[in-house]
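# Remarks on the overall topology
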Amino acid sequence: MKKSIVYLGVALVAFANVSLASNVNLFSNTSHKIEFYDTVSPLGNAVFKGDLETVKKFVEYGADVNEKSDGMSPLMIAARYNKVEIIKYLLSKGADLNKKDENGFTALKYAELSNANEAIQLLKK
């Protein structure tokens, strides 16, 4: 009798797990969808935040100043967000001023689209 109850309990738990696993949508709430856009490189993220010291460390440790992340080079990100000191540093380290993204935009175009006047003046020199 005890074995029968144990077997019945195990079967019930197994059946419950299978039925819950096959009905995942039953418990999901689609109104709170979470999406992640974490495709920016660490260097690109430091540029976005305006953290010049971290940008310097990444470049010092070998980060490519022309490597695109999320379709944009670090110089494009700096130009878009008017990070003038970072633009100066990236250019001094060999960032390509004429590099284009998949839309054909350069760093100067990003600065113009964002009305980043200081960055525009610097990139036009």
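These numbers were taken from a predicted model, which means no experiment stands behind them. (Residues numbered from 1 in each chain as written. Predicted model: local features only at pLDDT ≥ 70, side-chain atom pairs only at ≥ 80, totals over all residues. Heavy atoms only, no water.)

Let us now look at the side chain of threonine 106. As for its placement among the helices and strands, threonine 106 is situated in the loop between helix H5 (84–92) and helix H6 (107–113). Threonine 106 gets classed as buried once you look at its relative accessible area, which sits at 18%. Setting aside residues no more than four positions away along its own chain, threonine 106 makes contact with Met76, Leu97, Asn98, Lys99 and Lys100. (Helix = DSSP H or I, 4+ residues; strand = E, 2+ residues; numbered from the N terminus. Buried < 20%, exposed > 50% of the residue type's maximum accessible area, 1.4 Å probe, protein only. Contact = heavy atoms within 4.5 Å.)

Here we come to the UniProt feature "repeat: ANK" (unreviewed entry) in the chain. Under the UniProt annotation, "repeat: ANK" (unreviewed entry) lies at residues 38–70 and 70–102. Across residues 70–102, the secondary structure splits into 48% helix and 0% strand, with the terminal C-alpha atoms separated by 11 Å. (UniProt positions renumbered as here; feature names shortened; annotations may be inferred.)

This brings us to the environment of leucine 122. Structurally, the position occupied by leucine 122 is in helix H7 (residues 117–124). Residues leucine 122 and alanine 79 lie 43 residues apart in sequence; the distance between their C-alpha atoms is 9.4 Å. Those residues in contact with leucine 122 that lie beyond four places of it in its chain are Val84, Ile87 and Lys88.

Once that is clear, we can look at the packing of aromatic side chains. When we look at a pair of aromatic rings, we describe it by the centre distance and by the angle of the planes. This model, assessed by the stated rule, comprises two aromatic pairs. Consider the rings of phenylalanine 48 and tyrosine 81, whose centres lie 4.9 Å apart with planes at 85 degrees: the pair is edge-to-face. Taken together, the residues phenylalanine 48 in helix H2 (residues 42–49) and tyrosine 81 in the loop between helix H4 (74–80) and H5 connect sequence positions 33 residues apart. Overall, tyrosine 81 belongs to the partly exposed group, its relative accessible area being 35%. Seen in terms of ring centroids, phenylalanine 105 and tyrosine 110 are 5.8 Å apart; in terms of plane orientation they differ by 80 degrees. Their pairing is edge-to-face. Accessibility expressed as a relative area gives 26% for phenylalanine 105, which makes it partly exposed. (Phe/Tyr/Trp six-rings, centres within 6.5 Å; stacked < 30°, edge-to-face > 60°.)

This part covers the nonpolar core. Ranked by size, the top nonpolar core spans 26 residues in total, and within it Val47, Val55, Leu75, Ile87, Leu90, Ala111 and Leu123 carry the most contacts. Where this core is concerned, the elements lending two or more residues are H2, helix H3 (52–60), H4, H5, H6 and H7. In contact with leucine 75, other than residues within four places in its own chain, are Ile87, Leu90, Leu91, Ala95, Asp96, Leu97, Ala107 and Leu123. (Core = buried A, V, L, I, M, F, W, Y, C linked by side-chain atoms within 4.5 Å.)

Counting through the fold element by element, asparagine 66 comes out in the loop between H3 and H4. The exposure class of asparagine 66 is buried, given its relative accessible area of 17%. Beyond its immediate chain neighbours, meaning those up to four positions away, asparagine 66 contacts Ser73, Pro74, Gly94, Ala95, Asp96 and Lys99.

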